[in-house]
Amino acid sequence: RQVCKIHIGAVVPVYNHPRHLKRLVKHLHEQQLAVILVDDGSTDESAVMIDVLQQEHAERVHVIRHPHNRGKGVAVRSGLLQADALGWSHVLQVDADGQHHWQDIERFVAQAEQHPEHMIIGKPIFDGTISKTRFYGRYATHVWVWLNTLSAEIRDSMCGFRVYPVAATCAQIRHHHMDERMGFDSEILVYLHWQGVRFINLPTPVTYPVNGISHFLPWSDNLKLGRTHAKLFLGMLWRLPMLLGRRIGK
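Only a predicted model underlies this, so the values are computations on that prediction, with no experimental measurement involved.

**Digging into the overall build of the protein**
Part 1 of the reasoning: Regarding its fold elements, the protein presents nine helices and seven strands.
Part 2 of the reasoning: A total of 250 residues make up the protein; the buried ones form 52% of that total.
Part 3 of the reasoning: Here the analysis covers contacts within the protein between residues at least 6 apart in sequence; of these, 81% occur between residues at least 24 apart.
Part 4 of the reasoning: Of the roughly 12000 Å² of accessible surface on the protein, 56% is carried by carbon and sulfur atoms.

Okay, here's the thing in structure tokens:
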């Protein structure tokens, strides 16, 4: 397969995640990637750290600031729209909390170069740091996504380590009102699948760091996720003939 030269940069949503940020930006620069840091209303030293990083790397670090915390989904959406304005063709999303295996960034970029029309998503390989509750709880969302796409092509919709094709993704962002928090990661993939975007699932280690910071709110976020999946289910029913036809045609 011919390798396509793409214009790719990274989007990193940041909300009170100072511990790994400097090393992450350094690693992204070593991979020749410009970075959009989206400060989603941080109230700790993250905001100052972002200012320092922008001053040190003025041409390669772009900063978006939300005056107050709006949620990861809004942060990623802001970053993607800014990437589109900058003329990037692809966006690598990587979280700032240290969960992801940065050594796999090169593999994600290579897959996007080989398959520029595809969505590249991380398929987590969990170690012993993930709790059983969290591990099995993810499967409720996985089942909903498989149901709402009538497909198991999206193996894990919650991993925040992925590469978006910018044009296709921003078209969906502009067309749909999506979850502002954690549900965005899953919801955008369903909309892209409905539009015919193909997916590549890339296995990658995921670690939950000791004393790591999580902004997942079990009660409110699970309630919002339930509403999002219910909305998508209604959308799936409306698209059912198309989705069934797609499956029969394979």
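What follows continues from the structure just given.
**Description of the pairing of strand 6 (residues 162–165)**
Part 1 of the reasoning: By the alternation rule, side chains of strand 6 split into Arg162 and Tyr164 and Val163 and Pro165, which are all buried.
Part 2 of the reasoning: Where strand 4 (residues 90–93) meets strand 6, four bridges bridge the pair, whose relative direction is antiparallel. The residue of strand 6 that forms the bridge with Val91 is Tyr164.
Part 3 of the reasoning: Both strand 5 (residues 119–126) and strand 6 contribute to a ladder of two bridges, which runs antiparallel. Pairing of Ile120 across the sheet is with Val163, part of strand 6.

**Details of the sheet that holds strand 4**
Part 1 of the reasoning: One open sheet holds the seven strands; their spatial order is 3-2-1-4-6-5-7, and the pairing between them is mixed. Edge positions in the sheet fall to strand 3 (61–66) and strand 7 (199–206), since each of these pairs with one other strand and no more. The mean inter-strand angle of the sheet, taken between neighbouring strand axes irrespective of direction, is 25°.
Part 2 of the reasoning: Sheet strands in contact with helix 3 (residues 72–86) are strand 1 (8–14), strand 2 (35–40), strand 3, strand 4 and strand 6, and its direction is about 145° off that of strand 2.

What counts, and at which threshold
Residues numbered from 1 in each chain as written. Predicted model: local features only at pLDDT ≥ 70, side-chain atom pairs only at ≥ 80, totals over all residues. Heavy atoms only, no water. Helix = DSSP H or I, 4+ residues; strand = E, 2+ residues; numbered from the N terminus. Buried < 20%, exposed > 50% of the residue type's maximum accessible area, 1.4 Å probe, protein only. Contact = heavy atoms within 4.5 Å. Areas by Shrake-Rupley, 256 points an atom, 1.4 Å probe, with all protein chains shown as cover. Pairing = 2+ DSSP bridges. Axes fitted to C-alpha atoms, helices over the stretch in contact; angles between N-to-C directions.

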